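Descriptive analysis of the structure
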Amino acid sequence: MVDFIFNGQYIMVKSYDLEPYFTKLVYKACSGEKNYQRAKHQNRPNLGPITEHTYSFYIKTAGQPAKVVASNTIYSCEPVRHTEGFIEHMPSQTPQYLNSLGLKNPKARTNCQLRLDEFGKRRVPLKPFGELSNGRSGFYIHDSKLGETNGCIEVEEDFFNHVQAYENATSKESLTIEVKYPSEETITNYDEAASRGITKHLYPKK
């Protein structure tokens with residue numbers, strides 16, 4: 001049995017072993033860009049929601065924040081994934097931190113902050129069991145608050161709080177999540193009205 005199921009609008013706890021540590025069994029979630037938040041768009045790279053499949057993710061927290069590679073071009077920064085695949089905290093977004101990256105152009109600093117906002121405070125990469133038939137890759141679960149993604153799953157902050165509580169109480173290294181949509185017309189945003197808006201990410205990600 002998988003530990004969680006994402007049905008397009010919620011991540012739901014499915015494993016009884018998790019229930020003592022997850023005080024909520026349902027977490028609001030979304031996937032895909034606005035206007036592409038339907039299950040039928042899952043084959044659209046960088047636009048549609050995460051592909052139906054079963055994935056695993058590590059529950060250990062990385063010992064350092066995500067490394068940010070910065071430049072003064074329009075694509076001003078990119079948080080680089082840890083090779084271990086652990087849960088990463090995103091770096092502080094204070095003016096002092098952005099200045100420390102050497103971003104002298106005010107627009108570059110603003111763009112960098114927008115990029116970090118896309119991941120929220122924490123993120124963890126999803127590892128599919130076998131290759132995806134549509135060739136997509138690079139999915140995360142993260143706790144941003146944008147109401148859209150370019151294919152990752154955005155979930156409310158409590159999810160990571162409870163994952164980490166579970167990690168502290170067990171020797172288990174990873175958990176599994178199945179992405180399964182009820183139908184092709186399933187809206188992949190718990191807020192149906194928000195899913196019909198028009199918003200574009202500044203940076204593409206799969």
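Residues numbered from 1 in each chain as written. Predicted model: local features only at pLDDT ≥ 70, side-chain atom pairs only at ≥ 80, totals over all residues. Heavy atoms only, no water.

**Considering unusual backbone geometry**
What counts, and what does not: By definition, any uninterrupted DSSP run of H or I lasting at least four residues is a helix, any uninterrupted run of E lasting at least two residues is a strand, and each is numbered from the N terminus. Note on classification: 1.4 Å probe, protein chains only; a residue is buried when its accessible area is under 20% of the maximum for its type, exposed when over 50%, partly exposed between these limits.
At Asn 35, a residue that is not glycine, the phi angle is positive and equals roughly 75°. Assignment of secondary structure puts Asn 35 in the loop between β3 (26-30) and β4 (53-58). In this structure Asn 35 comes out as partly exposed when scored by relative accessible area, which is 40%. With a phi angle near 70°, Asn 46 is a residue other than glycine that sits in the positive phi range. Relative to the helices and strands, Asn 46 resides in the loop between β3 and β4.

**Observations regarding the confidence of the model for the protein chain**
Formally: Note: pLDDT gives the predictor's confidence per residue, expressed from 0 to 100. We call two residues contacting when some pair of their heavy atoms lies within 4.5 Å.
On average, residues of the protein chain score 88 in pLDDT, and 92% of them reach the 70 mark or higher. Considering only residues more than four positions removed or in separate chains, one finds that residues 200-206, a stretch of pLDDT under 50, has 41 contacts.

**A few points about the pairing of strand β12 (residues 174-179)**
This is how it is decided: Two strands qualify as a pair provided DSSP detects at least 2 bridges between them.
Inspection of the sheet shows strand β1 (residues 4-6) paired to β12 by 3 bridges, in the parallel sense. Across the sheet, the residue bridging to Phe 6 is Val 179, located in β12.

**Brief notes about the sheet that holds strand β10 (residues 140-142)**
Taken in spatial order, the 10 strands of this open sheet run β7-β8-β10-β11-β3-β2-β1-β12-β4-β9, and their pairing is mixed. Since the sheet does not close on itself, it has two edges, and those belong to β7 (88-89) and β9 (127-128), each with one partner. Here 6 bridges tie β4 to β12, and the two strands are oriented antiparallel to one another. When the sheet's bridge partners are listed, Thr 54 is paired in β12 with Glu 178.

**A few points about the state of the cysteines**
Under the convention used in this document: By definition, disulfides here are pairs of cysteine sulfur atoms that lie within 2.5 Å.
Within the structure shown, the criterion is met by 1 disulfide. Put simply, Cys 77 and Cys 112 are joined by a disulfide, and their sulfur atoms are 2.3 Å apart. Of note, the bridge from Cys 77 to Cys 112 carries an S-S torsion of about 105° and is right-handed in sense. Taken as a pair, Cys 77 in strand β6 (residues 77-80) and Cys 112 in helix α2 (residues 106-117) lie far apart in primary sequence, 35 residues in all. Side by side, Cys 77 and Cys 112 carry an identical accessibility label, which is buried. The thiol sulfur of Cys 30 is not disulfide-bonded, and the nearest other cysteine sulfur, from Cys 152, lies at 10 Å. Residue Cys 152 is classed as buried on the basis of its relative accessible area, which comes to 0%.

**Concerning the nonpolar core**
Counted only if it meets this: In these notes, a set of buried Ala, Val, Leu, Ile, Met, Phe, Trp, Tyr and Cys residues joined through side-chain atoms within 4.5 Å is what counts as a nonpolar core.
Membership of the largest hydrophobic core comes to 29 residues, with the highest contact counts inside it found for Phe 4, Ile 11, Phe 57, Ile 141, Ile 153, Phe 159 and Ile 177. Looking at this core, the elements that each hand over two or more residues are β1, β2 (10-13), β3, β4, β11 (153-155), α3 (158-169) and β12. If one sorts the elements of this core by residue count, α3 sits on top with 4 residues. Dropping the residues within four chain positions of it, Ile 177 is found in contact with Phe 4, Ile 5, Phe 6, Ile 11, His 53, Thr 54, Tyr 55, Phe 57, Leu 126, Ile 141 and Ile 153. Judged by nonpolar contacts, the second largest core, of 13 residues, contains Ala 66, Val 68, Leu 98 and Tyr 140.

**Notes on α3**
Note the cut-off: A helix is expected to reach a length of 1.5 Å times the quantity of its residues less one.
With 12 residues, α3 extends 17 Å from end C-alpha to end C-alpha; this agrees with the ideal 16 Å at 1.5 Å per step. For α3, the set of buried residues is Phe 159, Phe 160, His 162, Val 163, Gln 164 and Tyr 166.

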